[in-house]
Structure formats: structure tokens, C-alpha cells
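Below are the chains, spelled out letter by letter.
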Amino acid sequence: MKRYAVTLEKLERDELAGITRKGSHQSQKVINALILLNCDEGEFNERRARGEAIAEVLRISQRKVDRVKKRFVEEGLEAALGGRQGRRPTYLRKADGEFEARLIALSCGAPPKGRAQWSLRLLADRAVELDYIDSVSHETVRRVLKKTK
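Residues numbered from 1 in each chain as written. Predicted model: local features only at pLDDT ≥ 70, side-chain atom pairs only at ≥ 80, totals over all residues. Heavy atoms only, no water.

1. A look at the overall build of the chain
No. 1: For the chain, the helix and strand inventory stands at eight helices and zero strands.
No. 2: Overall, the chain shows an N-to-C arrangement of helices and strands of α-α-α-α-α-α-α-α.
No. 3: Its C-alpha atoms give the chain a radius of gyration of 26 Å, more than 25% over the compact-globule value 15 Å for 149 residues.
No. 4: The C-alpha extent of the chain, read off along each of the three principal axes, is 80 × 35 × 25 Å.
No. 5: The proportion of buried residues among the 149 residues of the chain is 34%.
No. 6: Long-range pairs, those at least 24 residues apart, make up 55% of the contacts in the chain with a sequence separation of at least 6.
No. 7: Roughly 10800 Å² of accessible area belongs to the chain as shown, and the carbon and sulfur atoms make up 49% of that amount. (Helix = DSSP H or I, 4+ residues; strand = E, 2+ residues; numbered from the N terminus. Rg over C-alpha atoms; globule rule 2.2 N^0.38 Å. Buried < 20%, exposed > 50% of the residue type's maximum accessible area, 1.4 Å probe, protein only. Contact = heavy atoms within 4.5 Å. Areas by Shrake-Rupley, 256 points an atom, 1.4 Å probe, with all protein chains shown as cover.)

Written as C-alpha cells, this is what we have:
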């Protein structure tokens, strides 16, 4: 396994020490701060602990220690403290205001022949047929029609 060396600056050590000593923080953030403080190989650390010892004292796995160290080296302090937040890709909304207005107007209109009322899938298919949007799922249609604001 690749070895990641954690070297903290004085300000970073002070920030991490503040997280572990005072205030209310998420438990994983405190644990990650303790991992980084104990793994520090910089000049401001008086004693350095091995990964196995840290894992044993904090009652966590060695893999977690390795993951936090890797995240610190590759992505920085905030990413190492924050864990996995923000890793999900952001998607652009397909349903803009114009599409929503057209969809609502379509749903208020008469349903297709042979049907008593519109279904979400029928609305989605008809919106694509009428070229309101290139593709849309019935779940998006449901969310648009459910809006109450």
C-alpha cells in the first residue's frame, strides 16, 4: 500500500487542536482531526504515533486512518476533515419554468382517448412527443406537479 506522509503547518495544527478541544463538531470530524494530529510528521509535532496505535486507541480501523491520510495529502485539510460530503456529481435541472408551465397546462387538459385521466408516464411521454423537452422521467413529472409553492 502507498504510504502517505502527513505534514501539518502550525496553523493547521492549531485549527485541528481547536476542533478536538472545544466547540461542538461532528464526531467523524473530531476523529479525523485526531488522526491527522497523531500522524503528523512535521516539525511542530512532539511525538508521532503509528497508524496501528491510532486505530487501536480511537477504536477505528487501520483503513480509516489510511483513507484520512490519503485524503489530506491528495485533497487538502478541509476534504480530510469533511469526509465524503460533496462527492456526488451535480446535475443541471432539466425542468425549467417554461417546461413546468407547459406540463401543468398539458395535465389540466383533456386526457388521451381511451383514458379517464392522465398518468405520470403518459404526461412524460406526451411532453417528449410535443418536443417540450428531449427526455423526462415520470418521477420528474411527479415532482413538478407536486410543487405547492
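2. Quick notes on the side chain of Glu100
No. 1: Note on placement: Glu100 falls in helix α6 (residues 97-108).
No. 2: Using a relative accessible area of 14% as the deciding quantity, one classes Glu100 as buried.
No. 3: Sequence-distant contacts of Glu100, that is, excluding residues within four places in its chain, are made with Arg93, Ala95, Val144 and Lys147.

3. Some details on the packing of helix α7 (residues 120-129) against helix α8 (residues 138-146)
No. 1: Packing of α7 against α8 leaves a shortest axis separation of 8 Å and a crossing angle of 100°. Put simply, α7 runs roughly perpendicular to α8. Residues Leu120, Arg121, Leu123 and Ala124 of α7 form the contact with α8, whose participating residues are His138, Val141, Arg142 and Leu145.
No. 2: Of the residues in the contact of α7 with α8, the class split is five nonpolar, one polar and two charged. (Axes fitted to C-alpha atoms, helices over the stretch in contact; angles between N-to-C directions. Parallel < 35°, antiparallel > 145°, perpendicular 65-115°, else oblique. Nonpolar A, V, L, I, M, F, W, Y, C, P; charged D, E, K, R; others polar.)

4. Here's the deal with the nonpolar core
No. 1: Counting 19 residues, the largest nonpolar core has Leu16, Ile35, Leu36, Val65, Phe72 and Leu81 as its most contacted members.
No. 2: If you list the elements that add at least two residues to this core, you get α1 (10-21), α2 (27-39), α3 (51-58), α4 (62-75) and α5 (77-82).
No. 3: With six residues, the top contributor of residues to this core is α2.
No. 4: One finds Leu122, Ala124, Ala127 and Ile133 within the second-largest nonpolar core, a separate group that totals 13 residues. (Core = buried A, V, L, I, M, F, W, Y, C linked by side-chain atoms within 4.5 Å.)

5. Topic: the pattern of salt bridges
Two side chains of opposite charge can pair, provided their charged atoms sit close to one another.
No. 1: For the structure shown, the criterion picks out eight salt bridges.
No. 2: We note a salt bridge from Arg93 to Glu100, for which the minimum N-O separation is 3.0 Å.
No. 3: Given the relative accessible area of 62%, Arg93 is considered exposed.
No. 4: Measuring nitrogen to oxygen at the nearest pair gives 3.9 Å for the salt bridge that ties Arg143 to Glu139. Here Arg143 pairs with Glu139, and both are found in helix α8, just four residues apart, close to one helical turn.
No. 5: Among the ionic contacts, a cluster of salt bridges with common partners joins Glu139, Arg142 and Arg143. (Salt bridge = Lys/Arg side-chain N within 4 Å of Asp/Glu carboxyl O.)

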